[in-house]
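Spelled out from the first residue to the last, the chains are:
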Amino acid sequence: MTQDYDLVGIGNAIVDVISHGDDSFLDNMGIQKGIMQLIEQDRAELLYAAMSDRVQAPGGSVANTVAGAGTLGLKTAFLGKVKDDALGQFYAKGMEEGGTAFPNPPAAEAEAPTSRSMIFVSPDGERSMNTYLGAGADFDEGDVDASVAANARWLFLEGYLYDKPEGKTAFTAAADHCRKGGGRVGITLSDPFCVDRHRADFLHLIEGQMDYVIGNHEEWLALYQTEDLDAALAQAATICDIVVCTHSGEPVKILRGAARVEIPVERITPVDATGAGDQFAAGFLFGMATGHDIEVAGRMGVAAASEVIRHVGPRPARPLSEVFAEQGLI
């Protein structure tokens, strides 16, 4: 059977609203620097009003990954849920205009407004995310387009969506459809706090249904409750085919069976670290989907992440194909 999509993502469909904020501003607003905090609707409205130089764009971790991979020529789709409101219409239109199919139309029946994340970028490039989950977090099995999931060569799931039971059933359904269609299924661990909340479920999911897992060093340490990163990755490699660990300025580690590679990372001061992990995944999955080995795919991931941290915003500012060509990757 012909597979219609090279890469399909499932995750929170969130409108990113990005602004600048120094440490004093963060303290005054009660924002904890460098992490993602969940907030309620009234807090979201307060922070939105406090953003003086905001830039708005379709976002969400896995949505950013899929969109980045789509700019490289992969046929991509993103399954997410938005309300039929102004932000939901903006989101759906933005994804389609960016070249990524958004099969689920804005839902008039959605109880909550479209999700949005207020992201404050500090002078050192660190980002502090304040996320109102809204309609995106209500994605459930009924929102999984079976024809899309079954026709995905690579399926990428967002750990954040696991916070509700509906997300768990959606993951299981999508993974089953993809595997029956001959595709490969993977997950991003998303956040160490997310890992802490779902450790047992994540381990069960990784062992039983995932072909690959991408996480940063803090997430892997949290998953295995250890301070020994190599030991954590070695354990993961016994239950999952491809294990990927990013480490903010340190070499990326990738394990596949007995093979292990480390990809060096150029140390630079980021303009905005938003989307670094998302675009690493975009480059890496592009490499895997186009038949490259884990080392070349890892180098593609590093190149994509390096591009996105040089400017404000979570998606590439110039074609990643240009970036890869400059480094002799394509």
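Since we're looking at a predicted model, the values are computed, not measured.

1. Observations regarding the nonpolar core
- Of all hydrophobic cores here, the largest spans 57 residues; its most connected members are Tyr91, Ile254, Phe284 and Phe324.
- The next biggest cluster of nonpolar side chains, apart from the first, holds 49 residues, and it includes Leu79, Phe171, Val195 and Ala232.

2. A look at the UniProt feature "domain: Carbohydrate kinase PfkB" (unreviewed entry) in the chain
- When the UniProt feature table is mapped to this numbering, "domain: Carbohydrate kinase PfkB" (unreviewed entry) covers residues 51-316.
- Along residues 51-316 the backbone is 39% helical and 22% strand, and the end-to-end C-alpha distance reaches 23 Å.

3. Quick notes on the packing of aromatic side chains
- Considering all chains together, one arrives at 9 aromatic pairs under this definition.
- Seen in terms of ring centroids, Phe280 and Phe284 are 6.0 Å apart; in terms of plane orientation they differ by 10°. Their pairing is stacked. Here the residue Phe280 and the residue Phe284 both occupy positions in helix H11 (residues 276-289), the gap between them amounting to 4 residues, near one helical turn.
- Take Phe280: its relative accessible area is 2%, and that puts it in the buried class.
- Phe284 gets classed as buried once you look at its relative accessible area, which sits at 1%.
- Above the ring of Tyr48, the side-chain terminus of Arg54 is found at 4.1 Å from the ring centroid.
- Here Lys75 stacks its cationic end above the ring of Tyr5, 5.3 Å away from the centre of that ring.

4. Topic: the sheet that holds strand E14 (residues 259-263)
- Taken in spatial order, the 9 strands of this open sheet run E6-E5-E1-E9-E10-E11-E12-E13-E14, and their pairing is mixed. The open sheet is flanked by strand E6 (100-101) and E14, the only strands paired with a single partner.
- In this structure, strand E5 (residues 76-79) lies alongside E6, joined through 2 bridges in parallel fashion. Residue pairing for E6: Thr76 is matched across the bridge by Thr100.

Criteria and cut-off values
Residues numbered from 1 in each chain as written. Predicted model: local features only at pLDDT ≥ 70, side-chain atom pairs only at ≥ 80, totals over all residues. Heavy atoms only, no water. Core = buried A, V, L, I, M, F, W, Y, C linked by side-chain atoms within 4.5 Å. Buried < 20%, exposed > 50% of the residue type's maximum accessible area, 1.4 Å probe, protein only. UniProt positions renumbered as here; feature names shortened; annotations may be inferred. Helix = DSSP H or I, 4+ residues; strand = E, 2+ residues; numbered from the N terminus. Phe/Tyr/Trp six-rings, centres within 6.5 Å; stacked < 30°, edge-to-face > 60°. Lys NZ or Arg CZ within 6 Å of the ring centre and 35° of its normal. Pairing = 2+ DSSP bridges.

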